There are 2 protein chains.
Amino acid sequence: MTNEKDAQAQIEEHRARIDEIDCQLVKLLNERGEQSLAIRGLKPQVHWGLYDPAREQKIFENLASCNDGPLYSDNLREIYEAILHVMKELRA
Amino acid sequence: MTNEKDAQAQIEEHRARIDEIDCQLVKLLNERGEQSLAIRGLKPQVHWGLYDPAREQKIFENLASCNDGPLYSDNLREIYEAILHVMKELRA
């Protein structure tokens, strides 16, 4: 039982750390959203399309280049498909 | 043309900032993965199931509580469905 209580306490500590990480993720995702909105506002002046497959490719290359694991590049791709979808739909 | 060049330069600056944000996101997502793996290793000792809907609900409440926008809670939910799926599938 002591071991069980100890394991429970450890889980609670890890969950508290996850909650902190999640708030940092939310902050960064919002900052990323602001940058995306700023770029979208500039695009009409440069006559670029809103969808840019070459830029998307570079984003995935950048992710892979700064990934030390335990997540795999495919895991990041799955998460970033959702992130990039949200960024495209975002309204100021 | 000067305005167009200026707008292009501004877009490049925003993209460079996005690349920095993305590397910070990758770092945090990996740290979150490590925490998830640690919890998974502890769960057999506390006889908890691997899937915990009450915890998932708390995660979404925490996200909403620290969200200042421009992303909406629904945007974060979309992104977190991918994040939580990846965390469940992650192998040490």
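On a predicted model such as this, the values are computed, not experimentally measured, just so you know.

**Let's talk about the overall build of chain A**
Next up, step 1: Looking only at helices and strands, chain A has 3 helices and 0 strands in total.
Next up, step 2: For a compact globule of 92 residues, the expected C-alpha radius of gyration is about 12 Å, and chain A comes in at 19 Å, more than 25% above that figure.
Next up, step 3: Counting the 92 residues in chain A, one finds 22% classified as buried.

**Observations concerning the nonpolar core**
Next up, step 1: If you look at the biggest cluster of nonpolar residues, it comprises 22 residues, and the most contacted ones within it are Leu76(A), Ile79(A), Ile83(A), Leu76(B), Ile79(B) and Ile83(B).
Next up, step 2: Those elements that provide at least two residues to this core are helix H1 (2–46) and helix H3 (73–89) of chain A together with helix H1 (2–46) and helix H3 (73–89) of chain B.

**What about the interface of chain A and chain B?**
Next up, step 1: Between chain A and chain B, the residue contacts involve 49 residues of the former and 49 residues of the latter.
Next up, step 2: At 30 residues, H1(A) tops the list of elements feeding residues into the side of chain A that touches chain B.

**What to know about unusual backbone geometry**
Apart from glycine, the bulk of residues carry a negative phi angle, and the bulk of peptide bonds sit in the trans form.
Next up, step 1: That bond from Gly69(A) to Pro70(A) is cis: its omega, 15 degrees, falls within 30 degrees of zero.
Next up, step 2: For Pro70(A), the position within the fold is in the loop between helix H2 (53–65) and H3.

**Side note on H3(B)**
Next up, step 1: End to end, H3(B) covers 24 Å across 17 residues, agreeing with the expected 24 Å (1.5 Å per residue, within 8%).
Next up, step 2: Among the residues of H3(B), those classed as buried are Asn75(B), Leu76(B), Ile79(B), Tyr80(B), Ile83(B), Val86(B) and Met87(B).

**A word on the confidence of the model for chain A**
Next up, step 1: On average, residues of chain A score 94 in pLDDT, and 98% of them are at 70 or above.
Next up, step 2: Interface confidence for the predicted complex, expressed as ipTM, amounts to 0.94; the pTM equals 0.94.

Calculation criteria
Residues numbered from 1 in each chain as written. Chains lettered and ligands numbered in written order. Predicted model: local features only at pLDDT ≥ 70, side-chain atom pairs only at ≥ 80, totals over all residues. Helix = DSSP H or I, 4+ residues; strand = E, 2+ residues; numbered from the N terminus. Rg over C-alpha atoms; globule rule 2.2 N^0.38 Å. Buried ≥ 20, exposed ≤ 12 C-beta atoms within 10 Å, placed from the backbone. Core = buried A, V, L, I, M, F, W, Y, C linked by C-beta atoms within 7 Å. Contact = placed C-beta atoms within 7 Å. Expected span 1.5 Å × (residues − 1). pLDDT = per-residue confidence, 0-100.

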